[in-house]
Amino acid sequence: MSKKQTLSLEFFPPRDSAAQEKLVRTAKTLMGLNPAYVSMTFGAGGSTRAGTVDAVALLQNLGLDVAPHLSCIGTAPAQLGEMLDTYRDQGIRRIVALRGDLPSGMGGDTGELRYASDLVSFIREHYGEHFHIEVAAYPEMHPQATSLEEDLGHFVNKVKAGAHGAITQYFFNPDAYFSFVERAQAQGVTIPITPGIMPITNSSQLLRFSTMCGAEVPRWIRLRLADFGDDRASIRAFGIDVVTRLCQDLLDGGAPGIHMYTLNGADASMAILPNLTWR
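Attention in this report is confined to the structure presented alongside it. (Residues numbered from 1 in each chain as written. Predicted model: local features only at pLDDT ≥ 70, side-chain atom pairs only at ≥ 80, totals over all residues. Heavy atoms only, no water.)

Notes on the pairing of strand β4 (residues 94-98)
Point 1. Among the five residues that make up β4, four are buried, leaving the element largely enclosed by the rest of the structure.
Point 2. Sheet topology note: the strand β3 (residues 66-71)/β4 ladder contains three bridges and is parallel. Looking across to β4, one finds that histidine 69 is bridged to valine 96.
Point 3. Following the chain from β3 across helix α3 (residues 77-89) to the adjacent parallel β4, one finds a crossover that is right-handed.
Point 4. Here β4 pairs with strand β5 (residues 132-137) via three bridges, running parallel. Considered in β5, the bridge of arginine 94 is made with histidine 132. (Buried < 20%, exposed > 50% of the residue type's maximum accessible area, 1.4 Å probe, protein only. Helix = DSSP H or I, 4+ residues; strand = E, 2+ residues; numbered from the N terminus. Pairing = 2+ DSSP bridges. Right-handed = clockwise from strand over helix to strand, strands pointing away.)

So this is what it looks like as C-alpha cells:
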C-alpha cells in the first residue's frame with residue numbers, strides 16, 4: 001500500500017506453543033498488508049513481561065517493526081529501565097507507553113510512576129529521542145475518569161511530556177473520535193491520533209471487553225448481535241460490514257490511519273483492511 005495514511009496492528013503474547021504458532025501464521029499473513037509497525041501488549045502490572053519480550057523478538061525475527069507496550073503502574077523505575085535497555089539493545093525504536101492496571105491482589109501499591117505521563121517523562125529523561133512514543137487516547141472517556149475534561153487533561157499531559165503519537169481505545173461511533181480530536185487540537189495537541197479498531201467476531205467477547213474498558217457498543221449493534229444468537233457466520237458478516245464502513249468513514253474524515261486490534265487472528269483483518277481506500 002502506497003499511502004500517507006498508515007496501518008498498524010496489535011497482538012498479544014501467546015501463552016503456549018500452539019498459540020505461538022498461530023501468532024506466527026497470523027503475523028506472516030498480515031505482513032502482506034505492509035503495516036507501518038505492530039504492537040505487542042503488556043499485562044496488568046507487567047504480568048506478561050517475559051512473554052511480551054519473547055513475542056517482540058519473535059515478530060522482529062519475521063522482519064516486522066515492533067512496538068512493545070510498556071505500563072508503569074506497579075512497576076519500579078529500575079525494572080522499566082531494564083526493559084527499555086533490552087529493547088534499545090534489540091533495535092526497538094518505538095514504545096507504546098501506558099499507565100496500565102494493577103493486577104488483582106496487588107492492593108494500592110501503584111509504584112513511583114503513577115500515570116502514563118510519568119512514564120513518558122521517564123523515557124524522555126533517560127533515553128532522549130531514541131524511542132518514538134505512542135500513548136493511549138479515549139474518545140469516549142477512560143472508565144476511571146470523572147469527566148471528559150479531566151480525561152482530556154490527562155491526555156494533554158501525556159502529549160506535553162513528549163509523546164509522538166496516540167492510539168485510541170476502540171469505538172463504533174466515528175463522531176466520538178472526530179469530536180475528541182477536535183477538542184484535543186483546541187488544547188494545542190498536534191500529534192497524530194490514530195483510531196483503534198476492534199473487529200466484531202464474537203458477540204459475547206465483544207460485550208465483555210466493552211464493559212471492562214468502557215467502550216460503548218451502540219444499541220442497534222447490540223440488538224442485531226442478539227438477533228443472530230449463535231449464528232457465527234452471520235455475526236462475522238455483519239461485523240465485517242459494520243467495521244469496514246467505520247474504518248472508511250474514519251479514513252475519509254482525515255484520520256491518520258488505522259490501528260487494528262487483531263486478537264491474534266488474521267481473518268477479520270484480511271476481510272476488512274484490503275477493501276479500504278487509503279490516501
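As for unusual backbone geometry
Point 1. Located in the positive-phi region is methionine 141, a residue other than glycine, with phi close to 85°.
Point 2. Structurally, methionine 141 is set in the loop between β5 and α5 (148-161).
Point 3. The exposure class of methionine 141 is partly exposed, given its relative accessible area of 23%.

Side note on the pairing of β3
Point 1. Across the six residues of β3, six count as buried, placing the element largely inside the fold.
Point 2. With burial as the criterion, each face of β3 is covered, one bearing Val66, Pro68 and Leu70 and the other bearing Ala67, His69 and Ser71.
Point 3. Taken together, the three bridges between strand β2 (residues 37-40) and β3 define a ladder with parallel strand orientation. When the bridges of β3 are listed, methionine 40 appears paired with proline 68.

Here's the deal with the pattern of salt bridges
Point 1. Scanning the entire structure with this criterion turns up six salt bridges.
Point 2. Aspartate 85 is the salt-bridge partner of arginine 88, the closest N and O atoms lying 3.3 Å from each other. Here arginine 88 pairs with aspartate 85, and both are found in helix α3, just three residues apart, close to one helical turn.
Point 3. For arginine 245, the salt bridge goes to aspartate 241, with nearest N and O atoms at 3.2 Å. Taken as a pair, arginine 245 and aspartate 241 lie in helix α9 (residues 232-252) at a separation of four residues, close to a single helical turn.
Point 4. Each member of the salt-bridge network shares a partner with another, and the members are Asp85, Arg88 and Asp89. (Salt bridge = Lys/Arg side-chain N within 4 Å of Asp/Glu carboxyl O.)

Describing helix α6 (residues 174-186)
Residues spaced three or four apart along an α-helix point in a common direction, a consequence of the helix completing one turn every 3.6 residues.
Point 1. With 13 residues, α6 should cover 18 Å at 1.5 Å per step; its first-to-last C-alpha distance of 19 Å lies within 8% of that length.
Point 2. When α6 is considered as a whole, its buried residues turn out to be Pro174, Ala176, Tyr177, Phe180, Val181 and Ala184. All buried residues of α6 fall inside an arc of 160° around its axis, so they share one side. Residues of α6 that are exposed and point more than 90 degrees away from the buried face comprise Asp175, Glu182 and Ala186.
Point 3. Tucked inside the fold, the buried residues of α6 contact β5, α5, β6 (165-168), β7 (193-194) and α9.
Point 4. By the N-cap criterion, in which a side-chain oxygen at the helix start approaches the backbone nitrogen of a residue two or three places on, α6 is capped by asparagine 173, the distance to aspartate 175 being 3.0 Å.
Point 5. Downstream of α6 by a residue or two, glycine 188 has a phi angle that is positive, lying close to 95°. (Expected span 1.5 Å × (residues − 1). Arc of directions from axis to C-beta. Contact = heavy atoms within 4.5 Å. Polar contact = N/O pair within 3.5 Å; in protein donor to acceptor, adjacent residues only side chain to side chain.)

Topic: the packing of aromatic side chains
Point 1. For the structure shown, the criterion picks out seven aromatic pairs.
Point 2. Seen in terms of ring centroids, phenylalanine 171 and tyrosine 177 are 5.8 Å apart; in terms of plane orientation they differ by 10°. Their pairing is stacked. Comparing phenylalanine 171 with tyrosine 177 shows no difference in burial state: the two are buried.
Point 3. It is arginine 94 that lies over the ring of tyrosine 37; its NZ or CZ is 4.0 Å from the centre. (Phe/Tyr/Trp six-rings, centres within 6.5 Å; stacked < 30°, edge-to-face > 60°. Lys NZ or Arg CZ within 6 Å of the ring centre and 35° of its normal.)

Overview of the state of the cysteines
Point 1. Across all of its chains, the model carries zero disulfides by this definition.
Point 2. For the unlinked cysteine cysteine 72, the closest cysteine sulfur is that of cysteine 213, found at 19 Å.
Point 3. Relative accessible area serves as the criterion here: at 0%, cysteine 72 is assigned to the buried category.
Point 4. Free cysteine cysteine 247: the closest other cysteine sulfur is in cysteine 213, separated by 16 Å. (Disulfide = S-S within 2.5 Å.)

Here we look at the side chain of histidine 142
Point 1. Relative to the assigned elements, histidine 142 resides in the loop between β5 and α5.
Point 2. A polar contact is formed between the side chain of histidine 142 and the backbone nitrogen of glutamine 144, at a distance of 3.0 Å.
Point 3. Excluding residues that lie within four positions of it along the chain, histidine 142 makes contacts with Arg99 and Asp151.

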